[in-house]
Amino acid sequence: MKITFARPLPPLCLVCMPYVPHLLFTTCSQLPAAWATRALIMRKLKGLEDFIDVTVVSPHMAEHGWPFANVDAFPGAEVDPLYGAKHIKDLYLRAAPNYEGRFSVPVLWDKKTHTVVNNESSEIIRIFNSAFNHLLPADKAKLDYYPEHLRKEIDEVNEWVYDTVNSAYFPPDASLA
């Protein structure tokens, strides 16, 4: 069962671009973790690098979840540039102090409202697919990686990937703190 911290990107945040969203993810042996990979690919395909900053956390899951570099100086991991948080968990609890779900990555964070926008990679890539089109050059804005006529099939593949590939590699409790 998926546990997400999902909410639509607030419309007002789209007006205050650039540099409101921020993507956080972990690595596995210097490569992006499975769920983060597709969010990073979509960020690149849509040309969102100038609009969405990225921060990498350590892949060393511990008692308090994924740590930032100020706790675990894993090569490539970074210090939280927003609040100096020690763990991803700190950001979730900043957004919702009573949150009891998974402290997972990737996390799409809204720097204006200081909250989690979404933590489900398939939903993040849908956001990246169209939410920022009005800010992009026409050639990038017209790219549609979630076309209406293929959505059912895409959703079925996403479900299969989540249940059989990602969850086989990362057991359901892998991102609990």
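Above this note sits the structure.
J.: Go over the overall build of the protein with me, naming the residues and quoting the values.
T.: Counting its regular elements, the protein contains 6 helices and 5 strands. Seen in sequence order, the protein has helices and strands lined up from the N terminus as α-β-β-α-β-α-β-β-α-α-α. For the protein, with 177 residues in total, the buried portion stands at 47%. Of the roughly 9,000 Å² of accessible surface on the protein, 59% is carried by carbon and sulfur atoms.

J.: Tell me what's going on with the environment of Asp155, and back it up with residues and numbers.
T.: Inspection of the secondary structure puts Asp155 in helix H6 (residues 151–169). With relative accessibility at 30%, the residue Asp155 sits in the partly exposed group. Between the alpha carbons of Asp155 and Ser122 there is a distance of 8.7 Å; along the sequence they are 33 residues apart. Setting aside chain neighbours within four positions, we find Asp155 in contact with Arg126 and Tyr146.

J.: I'd like a description of the pairing of strand E5 (residues 115–118), backed by residues and values.
T.: The pairing of strand E4 (residues 107–110) with E5 spans 3 bridges and is classified as antiparallel. Its bridge partner lying in E5, Asp110 is registered against Thr115. Following E4, the chain reverses through 4 residues before pairing antiparallel with E5; His114 in that reversal takes a positive phi of roughly 55°.

J.: Provide a residue-level description of the pattern of salt bridges, including the pertinent values.
T.: Scanning the model with the defined rule gives 6 salt bridges in all. A salt bridge links Lys44 to Glu49, with the shortest nitrogen-to-oxygen separation between them at 3.5 Å.

J.: Break down the packing of aromatic side chains for me, citing the residues and quoting the values.
T.: Evaluated as defined, the whole model comprises 5 aromatic pairs. Ring centres 5.8 Å apart and planes at 70° place the aromatic pair Tyr83 and Trp109 in the edge-to-face group. Of this pair, Tyr83 sits in the loop between strand E3 (53–57) and helix H3 (88–95) while Trp109 is found in strand E4, placing the two residues 26 residues apart along the sequence. Overall, Tyr83 belongs to the partly exposed group, its relative accessible area being 25%. Accessibility expressed as a relative area gives 0% for Trp109, which makes it buried. Grouped by ring-pair contacts, the aromatic residues Tyr92, Tyr99 and Phe103 constitute a single cluster.

J.: Give a description of a nonpolar patch on the surface that names residues and reports values.
T.: A surface patch of nonpolar side chains, amounting to about 240 Å² of accessible area, comprises Ile41, Leu45 and Tyr145. Position of Ile41 relative to the elements: it lies in helix H2 (residues 34–45).

J.: Before we move on, can you summarise the side chain of Ser58 with the specific residues and values?
T.: Its location among the elements puts Ser58 in the loop between E3 and H3. By relative accessible area, which is 0% here, Ser58 ends up buried. Of note is the side chain of Ser58, whose polar atom sits 3.1 Å from the backbone nitrogen of His60.

J.: Account for the nonpolar core, with residues named and values stated.
T.: Grouped together as the largest cluster of nonpolar side chains are 15 residues, with contacts concentrated most on Leu48, Ile52, Leu108, Ile127, Phe128 and Phe132. Those elements that provide at least two residues to this core are H2 and helix H4 (121–130). Per-element accounting of this core gives the leading share, 4 residues, to H4. Of all hydrophobic cores here, the second largest spans 14 residues; its members include Val57, Ile88, Val107 and Val116.

J.: Please set out the side chain of His87 residue by residue, giving values where relevant.
T.: Note on placement: His87 falls in the loop between E3 and H3. Judged by relative accessible area, His87 falls into the buried class, the value being 11%. Non-local contacts of His87, meaning those with residues more than four positions away in its chain, are made with His64, Gly65, Trp66, Pro67, Phe68 and Val71.

Rules behind the numbers
- Residues numbered from 1 in each chain as written.
- Predicted model: local features only at pLDDT ≥ 70, side-chain atom pairs only at ≥ 80, totals over all residues.
- Heavy atoms only, no water.
- Helix = DSSP H or I, 4+ residues; strand = E, 2+ residues; numbered from the N terminus.
- Buried < 20%, exposed > 50% of the residue type's maximum accessible area, 1.4 Å probe, protein only.
- Areas by Shrake-Rupley, 256 points an atom, 1.4 Å probe, with all protein chains shown as cover.
- Contact = heavy atoms within 4.5 Å.
- Pairing = 2+ DSSP bridges.
- Salt bridge = Lys/Arg side-chain N within 4 Å of Asp/Glu carboxyl O.
- Phe/Tyr/Trp six-rings, centres within 6.5 Å; stacked < 30°, edge-to-face > 60°.
- Patch = residues over 30% accessible without salt bridge, like charges linked within 9 Å, V, L, I, M, F, W, Y side chains within 5 Å.
- Polar contact = N/O pair within 3.5 Å; in protein donor to acceptor, adjacent residues only side chain to side chain.
- Core = buried A, V, L, I, M, F, W, Y, C linked by side-chain atoms within 4.5 Å.

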